[in-house]
2 protein chains.
Amino acid sequence: MTYCIGMRLDHGLVFMSDTRTSAGVDNFAVSKKMFHWQVPDERAITIMTAGNLATTQSLISLLSERSVSEGDRDPSILHLPTMFQVARLVGATLREVIAESSLTGQTSEDQFGASIILGGQIKGGKPTIFMIYPEGNFIEITDDTPFFQIGETKYGKPILVRAYERKMDFADAIKLLLVSFDSTVKSNLSVGLPFDLQIYENDSFSNGRTKRINADDEVYQAISSGWGDALRDAFQLLPSYRL
Amino acid sequence: MTYCIGMRLDHGLVFMSDTRTSAGVDNFAVSKKMFHWQVPDERAITIMTAGNLATTQSLISLLSERSVSEGDRDPSILHLPTMFQVARLVGATLREVIAESSLTGQTSEDQFGASIILGGQIKGGKPTIFMIYPEGNFIEITDDTPFFQIGETKYGKPILVRAYERKMDFADAIKLLLVSFDSTVKSNLSVGLPFDLQIYENDSFSNGRTKRINADDEVYQAISSGWGDALRDAFQLLPSYRL
């Protein structure tokens with residue numbers, strides 16, 4: 001599996017993805033799941049992928065080739081005028097890749113499925129995030145649903161639900177994402193370090209700061225062990241339940 | 001779905017189950033998923049069920065009928081000499097129920113599937129807990145894996161992993177279960193209050209104390225809101241991550 005979160009704050013967008021891919025416990029590897037495109041001062045686009053690795057790599061390659069090779073440049077995510085149209089293109093491309101794989105005789109579409117988080121901003125529009133399904137359709141982030149998760153989403157959801165605030169600064173948001181990822185890593189072998197992180201500041205129209213967070217990252221270690229201790233302390237303070 | 005936990009402590013066993021059954025969001029109801037049998041001073045047995053309601057009700061009815069009706073009294077979970085043999089009987093009965101349903105022409109065994117947590121103690125043996133799969137096979141609890149979850153297990157697992165200690169008293173263990181259930185209820189509509197609770201003290205050979213915890217239970221409310229506040233406070237104390 002995979003774990004990715006795309007989150008919208010008042011200040012901008014934050015993306016985090018893990019890097020573990022596996023086809024069984026004896027066949028796992030590190031693979032990037034976060035991809036960036038930009039036209040400086042005009043647009044910045046981030047895509048995170050979960051699902052069949054052949055599908056997602058093919059999707060990213062198609063999107064990238066269409067943005068660099070001369071003859072096949074349009075339609076391209078570097079030229080479309082809105083994030084909505086980019087989401088439509090990514091959705092259509094994803095559907096195309098899955099349909100192609102399914103033609104070989106395999107019947108289970110699930111096998112080739114993938115989910116996508118697409119975020120960014122194009123001049124003239126607001127920063128936004130979409131979640132794109134294997135069928136190619138998608139939903140857009142709203143104030144009511146200020147973050148999207150794909151992959152192994154359940155372990156890390158409770159802390160997001162409780163601690164998210166749209167006014168958070170980036171440092172607190174990254175802390176929140178790390179706590180959510182840490183809870184997931186501790187409970188599920190298919191999600192693993194290192195984590196890829198990106199922050200996008202509103203109206204910057206550039207990919208902004210990125211970082212790969214490794215297991216030996218000191219702040220991550222402090223958050224991970226501190227969170228365990230803090231949970232136990234918080235737990236002690238709650239009233240006990242006597243029957 | 002469902003959420004049930006069976007946990008072993010140094011002092012005894014604790015069981016908690018939710019009560020929501022659903023066949024879609026417009027068809028849900030309250031249904032008990034925790035069942036008790038006892039022979040005072042000789043054995044106490046608890047079963048919790050997750051999965052297809054027709055399957056689990058049929059399983060419980062078969063197990064119960066076989067323990068009361070004269071002609072069909074053996075084999076019975078009230079007579080078998082060890083918890084291991086009880087687990088074998090429950091597993092065989094579960095497999096039988098699923099196989100019967102599948103004969104009608106439906107091919108997906110998943111549709112009729114169910115998982116079971118079986119716990120208790122029979123004189124001459126130790127208190128123990130088994131997790132029984134739809135195929136009828138099962139695993140027993142160990143010191144390394146001191147609790148079993150069935151149903152919607154992911155949301156509530158991180159706090160169990162972090163805060164469980166075998167030396168906990170019952171009051172703290174119930175608090176831990178309530179935090180785990182509360183995290184699940186807050187993230188998943190298919191798990192709902194009230195919760196059924198039972199504690200079994202080692203070598204008591206009686207079903208012990210039970211309680212149905214409703215949404216208006218004051219201690220539960222204090223734990224639920226206190227946990228949200230405590231999480232946010234704990235979160236504030238962690239170091240922020242500056243890029």
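We now turn to the structure provided with this report. (Residues numbered from 1 in each chain as written. Chains lettered and ligands numbered in written order. Predicted model: local features only at pLDDT ≥ 70, side-chain atom pairs only at ≥ 80, totals over all residues. Heavy atoms only, no water.)

### Focus on empty space enclosed by the protein
By the definition in use, this model includes one cavity of 30 Å³ or more. The computed volume of the largest cavity comes to approximately 170 Å³. If you go around the largest cavity, you meet 15 residues; those closest to its centre are Pro158(A), Ile159(A), Ser183(A), Pro158(B) and Ile159(B). Listing elements by their share of the lining of the largest cavity, those giving two or more residues are α3 (157-163) and α5 (218-237) of chain A together with α3 (157-163) and α5 (218-237) of chain B. A per-class count over the lining of the largest cavity returns 10 nonpolar, three polar and two charged. (1 Å grid on protein atoms, 1.4 Å probe; cavity = no way out; pocket = protein on both sides within 12 Å on 5 of 7 lines; lining within 4 Å. Points joined across faces, edges and corners; volume = space filled by probe spheres on them. Helix = DSSP H or I, 4+ residues; strand = E, 2+ residues; numbered from the N terminus. Nonpolar A, V, L, I, M, F, W, Y, C, P; charged D, E, K, R; others polar.)

### Notes on the side chain of Ser17(B)
Residues and elements named next belong to chain B. Mapping Ser 17 onto the fold places it in strand β2 (residues 12-17). Since its relative accessible area comes to 0%, Ser 17 is described here as buried. Contacts of Ser 17, omitting those with residues within four sequence positions, involve Tyr 3, Cys 4, Lys 33, Met 34, Met 48, Phe 181, Pro 194, Phe 195 and Asp 196. (Buried < 20%, exposed > 50% of the residue type's maximum accessible area, 1.4 Å probe, protein only. Contact = heavy atoms within 4.5 Å.)

### Structural notes on the relation of the copies chain B and chain A
Mapping chain B onto chain A is achieved by rotating through 180° and translating by 0.0 Å along the same axis, at an RMSD of 0.0 Å. On the angle and the small slide along the axis, the relation comes out as a two-fold axis. Taking the C-alpha atom as reference, chain B places Tyr155(B) closest to the rotation axis, 2.3 Å from it. In this assembly the copies share their binding face: 98% of the residues contributing to the interface of chain B also contribute to that of chain A. (Least-squares fit on C-alpha atoms with pLDDT ≥ 70 in both.)

### Here's the deal with the side chain of Ser183(A)
Within the element layout of this structure, Ser183(A) appears in helix α4 (residues 170-187). With a relative accessible area of 8%, Ser183(A) lands in the buried category. If we ignore the near neighbours within four places in the chain, the residues touching Ser183(A) are Tyr155(A), Trp227(A), Pro158(B) and Arg162(B).

### Digging into the sheet that holds strand β9 (residues 138-140) of chain B
Adjacent strands of a sheet pair through backbone hydrogen bonds, lying either parallel or antiparallel. All names here are of chain B. One open sheet accounts for five strands, arranged β5-β6-β7-β8-β9; its pairing is antiparallel. Of all strands in the sheet, those bounded by a partner on one side alone are β5 (34-39) and β9. Neighbour-to-neighbour, the strand axes of the sheet open up by a mean angle of 15°, direction not taken into account. Alignment of strand β6 (residues 43-51) against strand β7 (residues 114-122), held across nine bridges, turns out to be antiparallel. (Pairing = 2+ DSSP bridges. Axes fitted to C-alpha atoms, helices over the stretch in contact; angles between N-to-C directions.)

### A closer look at the pattern of salt bridges
Residue and element names in this part refer to chain A. Under the counting rule described, the total for this entry stands at 26 salt bridges over all chains. A salt bridge links Arg 8 to Asp 143; the shortest N-O distance between them is 3.2 Å. Highlighted residues: Arg 8 in strand β1 (residues 3-8) and Asp 143 in the loop between β9 (138-140) and β10 (147-151), separated in sequence by 135 residues. Because the salt bridges share partners, they merge into one network encompassing Arg 8, Asp 10, Asp 143 and Arg 166. (Salt bridge = Lys/Arg side-chain N within 4 Å of Asp/Glu carboxyl O.)

### Comments concerning α4(A)
Here α4(A) contains 18 residues, and its C-alpha end-to-end distance of 26 Å stays within 8% of the 26 Å for a straight helix at 1.5 Å per residue. Counting buried positions along α4(A) gives 16 out of 18 residues, so the element sits mostly inside the fold. (Expected span 1.5 Å × (residues − 1).)

### Considerations on the interface of chain B and chain A
With 49 residues of chain B at the contact, the number on the chain A side is 48 residues. For the chain B and chain A pair, buried surface summed over both sides reaches about 4,500 Å², with 66% attributable to carbon and sulfur atoms. Our count for the contact surface shared by chain B and chain A stands at four salt bridges. At the surface where chain B touches chain A, the tally comes to 23 residue pairs in polar contact (both at pLDDT 80 or more). (Buried area = accessible area lost by both parts, 1.4 Å probe. Polar contact = N/O pair within 3.5 Å; in protein donor to acceptor, adjacent residues only side chain to side chain.)

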